[in-house]
Amino acid sequence: MPERDAERTRRAILAAAEDLFARDGFERTSMQRIGEAAGVARSTPAYFFRSKQALYDDVLRRTLERGREAMRPAFEAAAATDSAEEALDGIIGRFLDFLAGDRNYVLLMQREALAERPSLAAVLDEEALEESRRALVDALGNGDVDHVILELFALSWFPFAHSGTLVAALGFDARDPAFLKHHRERIVRLFAGPP
């Protein structure tokens, strides 16, 4: 198989696997279904990725990399400003926009949170975590930055993780631009403190 075709096939398998893992979860997704969804022979996913777990881990890495790439401009802007509020606003706004626009990321992370044996910790890139830490130190100064990451993630994440439960029951749409703007402003106020 020419290299260009092999890379196209690999990308098609990753895209199909991501959609199926996000929608149906790891256990309910078979390599055969992934092959069918990618439009390749049922043995092709195993040829490229050895096992379903290896393919799943690559899907997680790819998904996490999208998040990292989405956040990079906000992290760079945070380093360039002296205003904690402006830095946080950029970081939180970018993260909320990313979550609102990448349903597969949200679904995969939710499935990982509920998994009996999650894979995320094994594939999470320490360098990506360091980028987050540096950006938050730039924004807020030194402190318990790992707890800040957890807290910001939780506050940003909740509306998307519960968009069909509590958020909907309260009459909100987590992907509505007005809701996102208001939610971002509240999170920034919580962390930046009074003006």
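Across all of its chains, the model carries 20 salt bridges by this definition. In this structure, E126 and R133 form a salt bridge, with 2.8 Å as the shortest nitrogen-oxygen distance. Of the residues examined, E126 reaches a relative accessible area of 45% and is grouped as partly exposed. Owing to a relative accessible area of 17%, R133 belongs among the buried residues under this scheme.

Right, let's talk about the packing of helix α6 (residues 103-114) against helix α9 (residues 145-161) for a bit. α9 packs onto α6 with a crossing angle of 105° between their chain directions and a minimal axis gap of 11 Å. Judged by the angle between their axes, α6 and α9 are roughly perpendicular. Counting all contacts with α6, which are made through Y105, V106, M109 and Q110, the residues of α9 involved are F153, W157, F160 and A161. Among the residues forming the contact of α6 with α9, the class breakdown is 7 nonpolar, 1 polar and no charged.

On to a nonpolar patch on the surface, then. Taken together, the side chains of F158, L166, L170 and F172 present a nonpolar region at the surface, about 390 Å² in accessible area. Mapped onto the elements of the fold, L166 is located in helix α10 (residues 166-169).

What counts, and where the lines are drawn
- Residues numbered from 1 in each chain as written.
- Predicted model: local features only at pLDDT ≥ 70, side-chain atom pairs only at ≥ 80, totals over all residues.
- Heavy atoms only, no water.
- Salt bridge = Lys/Arg side-chain N within 4 Å of Asp/Glu carboxyl O.
- Buried < 20%, exposed > 50% of the residue type's maximum accessible area, 1.4 Å probe, protein only.
- Axes fitted to C-alpha atoms, helices over the stretch in contact; angles between N-to-C directions.
- Helix = DSSP H or I, 4+ residues; strand = E, 2+ residues; numbered from the N terminus.
- Parallel < 35°, antiparallel > 145°, perpendicular 65-115°, else oblique.
- Contact = heavy atoms within 4.5 Å.
- Nonpolar A, V, L, I, M, F, W, Y, C, P; charged D, E, K, R; others polar.
- Patch = residues over 30% accessible without salt bridge, like charges linked within 9 Å, V, L, I, M, F, W, Y side chains within 5 Å.
- Areas by Shrake-Rupley, 256 points an atom, 1.4 Å probe, with all protein chains shown as cover.

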